[in-house]
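Examining the three-dimensional arrangement
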Amino acid sequence: MSSWRTLLLRIGNKCPEYGGSADVKEHIETCCGVVRRELEHSAGDISSFLIQCAEGLPHKIPLLGTVIGLLNLENENFVRGVIETTQTRFQEALDSGNCDRIRVLVRFLTALMCSKVLQAASLVVVFETLLSSAAITVDEEKGNPSCNLCAASSRGDGVSYGWRRGIFEHKKSLCRHWLVLFEDDNDLSAGEKDFLEDLWDRIKFLSSNGWKADSFPRPHLAFEAQLVGGKAHEFGPINAPEQPEPLSQFSGITYGREKHNAELRYPQRIRRLYIFPTGKSELVERNVLQKWLACPCPSDMSILWQRLFFAQLLLLPQPPFRPLYYTLVIMDLCKALPGAFPAVVAGAVRALFEKIADLDMECRNRLILWFSHHLSNFQFIWRWEEWAYVLDLPKWAPQRVFVQEVVEREVCLSYWEKIKQSIENAPALEELLPPKGSPNFKYSVEDGREKTEYHAISTELSNKSFTHLITVLERYGQVITRLCPDLDNQILLIAEILGNAISKTYNRMSDLRKEVVSLKKNVLVAEEAAARAKAELDASESKLTLMNGEPVMGDSPVKMKRLKSHADKAKEEEESVRDSLDAKEALLARATVEKEELFLALYKNFSNVLKERLPDASKAQTLRDLKSTRGDEMAVDTDQPSTMEVDDENGGTKKSKSNGESESSNVCNIGEKEQWCLSTLGHIKSFSRQYASEVWSHIEKLDAEVLAQDIHPLFRRAVYSGLRRPINELASG
């Protein structure tokens, strides 16, 4: 018979351990019987492993909760221990601010309550503690952000309906603080239902429907007649961590830094990405699905799954997992469900492509990387003829750039002839293919000497500081002109060089910071070792001993020599580590200065370049003004995030038209220069967000030398938006 660990891990799976059966009730009975027999010998291990399974496999929490409920009927002491251990781990999660762990454990507690293991009143107390801390966060601008609406992620079975209503009607600003939607709100207008009201309506719908949602398995109902006889235990008290007092001197810059650090530590919840029409119960179903990324996907859940994957993939500033993770999961689901999932994914891609102009620049880049990688695993098959019209768009139009960059990355993943063959249904798109590559040996070296000036510039650009990089670019300006005869290629080359410089500087800073932290720890260890060695030597020197019958100070000469040698060596090691620390700190200080110069130079030059090309500030205060300089006026004002963006700098949702309407596509009607400006502003915003931690460390100087100067308001808005600085600081900036 399989071990109890294997049965707990694979409960709910159709596997040999359960005889190939998919009957959930049979799984629970089998698992419970085996675990019950092992309790006498391995109660502690089983308790710990149950909680580990709940935390690591949250989609199996309802099954595990039912197993614990059945065990509670015969062994109350064991189950009481499980609850006490859960309480300890829950408090640890609160103290460390681990939001994901808090949410999972709240669901676990709710499942225990459904199985009559935990008193409903105890769970209400937990929710009220979390709600109170979240309310303090909003009302008094202090408190623990990790407590925000964890209750909303749990199930409602058995918890006071009136109390739940109190959660969602307590303060609407609580929602606006933490739960921002990522959806198509074209049916809402000012004064109508906001997210919190919409959420409450959906919960009321589920309540009136008996809390029936396909994504919520309720296996405890099959054992309800048995579970009702079990003893419901109390859950120990929990305490929200003490919060630091507000800063005595509070400025816009201080607030911005604090907000940035808080969002790094407490990332906001996943938002909804509306691509297809949805039902009333879907909002609550999502709260479970977002944790089920590794479990089988029913075909009727395909739309929910694709929405979840793309919402996470496009989440700003960072997705919960590496982008490659979503590539692999989507690819596996397409192969596992060939009749359902590929069509849904293709529909999502087309919908996103239609509204690509509304996507943040970082989201566009992620979508390009994912799509090209995805196609490389499916023979590069796509209906390119549907997108052939992009050739008629301006060169910098978002849809044209998307197609071009996807095709270029496909060439990198395969070979030129293969990609040309894959777009044979749209031969006009061959114009977007990169030049066909061939071996070129002009950078080779003869007799250890550089063969051409191109090789010289390549050597100069490698492993140099930013200051040296600027000198090299100035020195070899004419070489770059000959290497890239047209302006576009020159811009692309310099952009690539600067991108590598920024990445190299950032990575160097990160490595130096890690080394300094490690060396500081080593200094403490060396200090303690030297202090112990010195103490042993002092004790030995002050010891009174007899030598030739006469009392003398000090231990035996042999021992004294050994101790003195040990103390000297420990002191040398301490000094050596200190010297290493001083050297690394000096390098870090120098790198910090170079980083400051780099960011200031970039922002200054971007500002100057854009000022020459953007319309007069009196005519273009917002992106809406810029887009209306040519063509029809846009309905989507993307100087603040549109519905197709994940982040909303002002904590609210923006509206955009549905996929079938043409207003979103009007961005393609403006001129090529305006398209370039829009693209560049988008890159500045994305760059500011990506390196926000570094930029905030120099924000005073950036404000004084760049942002406070006579710069174009659109440039300032792009930087502020990337840093998530309040727009109302524009006037004072």
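What you see is a predicted model; the values in this text were computed from it and never measured.

Description of the overall build of the protein
Along the backbone of the protein there are 28 helices and 4 strands. When each of the 733 residues of the protein is scored for burial, the buried share is 49%. Of all intrachain contacts in the protein linking residues separated by at least 6 positions in sequence, the fraction that spans at least 24 positions is 72%. Split by element, the accessible area of the protein, about 35400 Å² in all, is 51% carbon and sulfur.

Comments concerning the packing of helix 3 (residues 61-72) against helix 5 (residues 99-114)
Each pair of packed helices can be summarised by the angle the axes make with each other and by the distance between the axes. Viewed as axis vectors pointing N to C, helix 3 and helix 5 meet at an angle of 45 degrees, and their least axial separation amounts to 8 Å. With respect to their mutual orientation, helix 3 and helix 5 come out oblique. As for the relative orientation of helix 3 and helix 5, their crossing is right-handed in sense. Mapping the contact onto sequence places Ile 61, Pro 62, Gly 65 and Ile 68 in helix 3 and Val 104, Arg 107, Phe 108, Ala 111 and Leu 112 in helix 5. Here the residues of the contact of helix 3 with helix 5 sort into 7 nonpolar, 1 polar and 1 charged.

Looking at the pattern of salt bridges
Using the criterion set out here, one finds 28 salt bridges in the structure. As a salt-bridge pair, Arg 508 and Glu 594 come within 3.2 Å of each other at their nearest N and O atoms. Of this pair, Arg 508 sits in helix 22 (residues 487-541) while Glu 594 sits in helix 23 (residues 557-613), placing them 86 residues apart in sequence. Under the relative-accessibility criterion, Glu 594 is labelled buried at 9%. Between Glu 705 and Lys 604 there is a salt bridge, and its shortest N-O distance comes to 3.2 Å. With Glu 705 in helix 27 (residues 699-707) and Lys 604 in helix 23, this pair connects stretches of sequence that are 101 residues apart.

Quick word on helix 13 (residues 302-313)
Along its 12 residues, helix 13 runs 16 Å from first to last C-alpha, staying within 8% of the 16 Å computed at 1.5 Å per residue. Taken together, the buried positions of helix 13 are occupied by Ser 302, Leu 304, Trp 305, Gln 306, Arg 307, Leu 308, Phe 309, Phe 310, Ala 311, Gln 312 and Leu 313.

Description of the nonpolar core
Of all hydrophobic cores here, the largest spans 52 residues; its most connected members are Leu 8 and Phe 90. Of all elements in the fold, only helix 1 (4-9), helix 2 (24-56), helix 3, helix 4 (76-96), helix 5 and helix 6 (120-139) reach the threshold of two or more residues within this core. No other element matches the 12 residues that helix 2 contributes to this core. Once residues within four sequence positions are removed from consideration, Phe 90 is found in contact with Ile 102, Leu 105, Val 106, Val 126, Leu 130, Phe 235 and Ile 238. Core analysis: the next-biggest nonpolar cluster, separate from the first, contains 47 residues, Leu 333, Ala 348, Ala 397 and Phe 402 among them.

Considering helix 3
For helix 3, built from 12 residues, the straight-helix expectation of 16 Å at 1.5 Å per residue is met to within 8% by its first-to-last C-alpha distance of 16 Å. The buried count for helix 3 comes to 12 of 12 residues, which makes it a mostly enclosed element. Turning to helix 3, its buried residues are Ile 61, Pro 62, Leu 63, Leu 64, Gly 65, Thr 66, Val 67, Ile 68, Gly 69, Leu 70, Leu 71 and Asn 72. On the buried face of helix 3, the contacting elements are helix 1, helix 2, helix 4, helix 5 and helix 10 (224-227).

Describing the packing of aromatic side chains
Considering all chains together, one arrives at 22 aromatic pairs under this definition. Pairing Tyr 325 with Tyr 326 gives two aromatic rings, centres 5.5 Å apart and planes at 85 degrees, and the pair type is edge-to-face. Residue Tyr 326 is classed as buried on the basis of its relative accessible area, which comes to 0%. Between Tyr 506 and Tyr 691, the aromatic rings sit 5.3 Å apart at their centres with planes inclined by 75 degrees, giving edge-to-face as the arrangement. Note that Tyr 506 is positioned in helix 22 and Tyr 691 in the loop between helix 25 (672-690) and helix 26 (692-696), a separation of 185 residues in sequence. The class for Tyr 506 is partly exposed, based on a relative accessible area of 34%.

Remarks on unusual backbone geometry
Cis geometry marks the peptide bond from Leu 316 to Pro 317, where omega comes out at 5 degrees. Residue position: Pro 317 is located in the loop between helix 13 and helix 14 (323-336). Its identity as a non-glycine residue notwithstanding, Gln 379 has a phi of 60 degrees, on the positive side. The topology assignment puts Gln 379 in the loop between helix 16 (361-376) and helix 17 (398-413). Among the residues examined, Gln 379 registers a relative accessible area of 54% and is labelled exposed. In this structure, Arg 724 is a non-glycine residue whose phi angle is positive, near 60 degrees. Along the polypeptide, Arg 724 turns up in the segment after helix 28 (713-723).

With respect to the environment of Ala 93
Looking at the secondary structure, you find Ala 93 in helix 4. Not counting the four nearest positions on each side in its chain, Ala 93 is found in contact with Asn 98, Arg 101 and Ile 102.

Re the packing of helix 27 against helix 28
Two elements in contact, helix 27 and helix 28, have axes whose closest approach is 12 Å; the angle formed by their N-to-C orientations is 170 degrees. As the angle between them shows, helix 27 and helix 28 are arranged roughly antiparallel. Here the hand of the crossing between helix 27 and helix 28 comes out right-handed. Counting all contacts with helix 27, which are made through Ile 699, Asp 703, Val 706 and Leu 707, the residues of helix 28 involved are Phe 715, Arg 716, Val 719, Tyr 720 and Leu 723. When the residues that make up the contact of helix 27 with helix 28 are grouped by side-chain class, the tally is 7 nonpolar, no polar and 2 charged.

Considerations on the confidence of the model for the protein
Scored by pLDDT, the protein comes out at a mean of 75, with 69% of its residues at no less than 70. This model gives residues 138-191 a pLDDT under 50, and the stretch forms 148 contacts once residues within four places in sequence are excluded. Here residues 279-299 is modelled with pLDDT under 50, and outside its nearest four sequence neighbours on either side it reaches 66 contacts, counting other chains as well.

Focus: the side chain of Thr 86
Considering the arrangement of structural elements, one finds Thr 86 in helix 4. Here Thr 86 is in contact with Ile 51, Leu 105, Phe 108, Leu 109 and Phe 235, once residues within four sequence places are set aside.

Some words on the environment of Ser 510
With respect to the helices and strands, the residue Ser 510 is situated in helix 22. Overall, Ser 510 belongs to the buried group, its relative accessible area being 19%. A C-alpha to C-alpha distance of 9.5 Å links Ser 510 and Leu 588, two positions 78 residues apart in sequence.

Some details on the environment of Asn 98
Locating Asn 98 in the fold gives a position in the loop between helix 4 and helix 5. C-alpha separation for the pair Asn 98 and Arg 265, spaced 167 residues apart in sequence, amounts to 8.8 Å.

How each quantity is defined
- Residues numbered from 1 in each chain as written.
- Predicted model: local features only at pLDDT ≥ 70, side-chain atom pairs only at ≥ 80, totals over all residues.
- Heavy atoms only, no water.
- Helix = DSSP H or I, 4+ residues; strand = E, 2+ residues; numbered from the N terminus.
- Buried < 20%, exposed > 50% of the residue type's maximum accessible area, 1.4 Å probe, protein only.
- Contact = heavy atoms within 4.5 Å.
- Areas by Shrake-Rupley, 256 points an atom, 1.4 Å probe, with all protein chains shown as cover.
- Axes fitted to C-alpha atoms, helices over the stretch in contact; angles between N-to-C directions.
- Parallel < 35°, antiparallel > 145°, perpendicular 65-115°, else oblique.
- Left-handed = near helix turned anticlockwise from the far one by under 90°.
- Nonpolar A, V, L, I, M, F, W, Y, C, P; charged D, E, K, R; others polar.
- Salt bridge = Lys/Arg side-chain N within 4 Å of Asp/Glu carboxyl O.
- Expected span 1.5 Å × (residues − 1).
- Core = buried A, V, L, I, M, F, W, Y, C linked by side-chain atoms within 4.5 Å.
- Phe/Tyr/Trp six-rings, centres within 6.5 Å; stacked < 30°, edge-to-face > 60°.
- pLDDT = per-residue confidence, 0-100.

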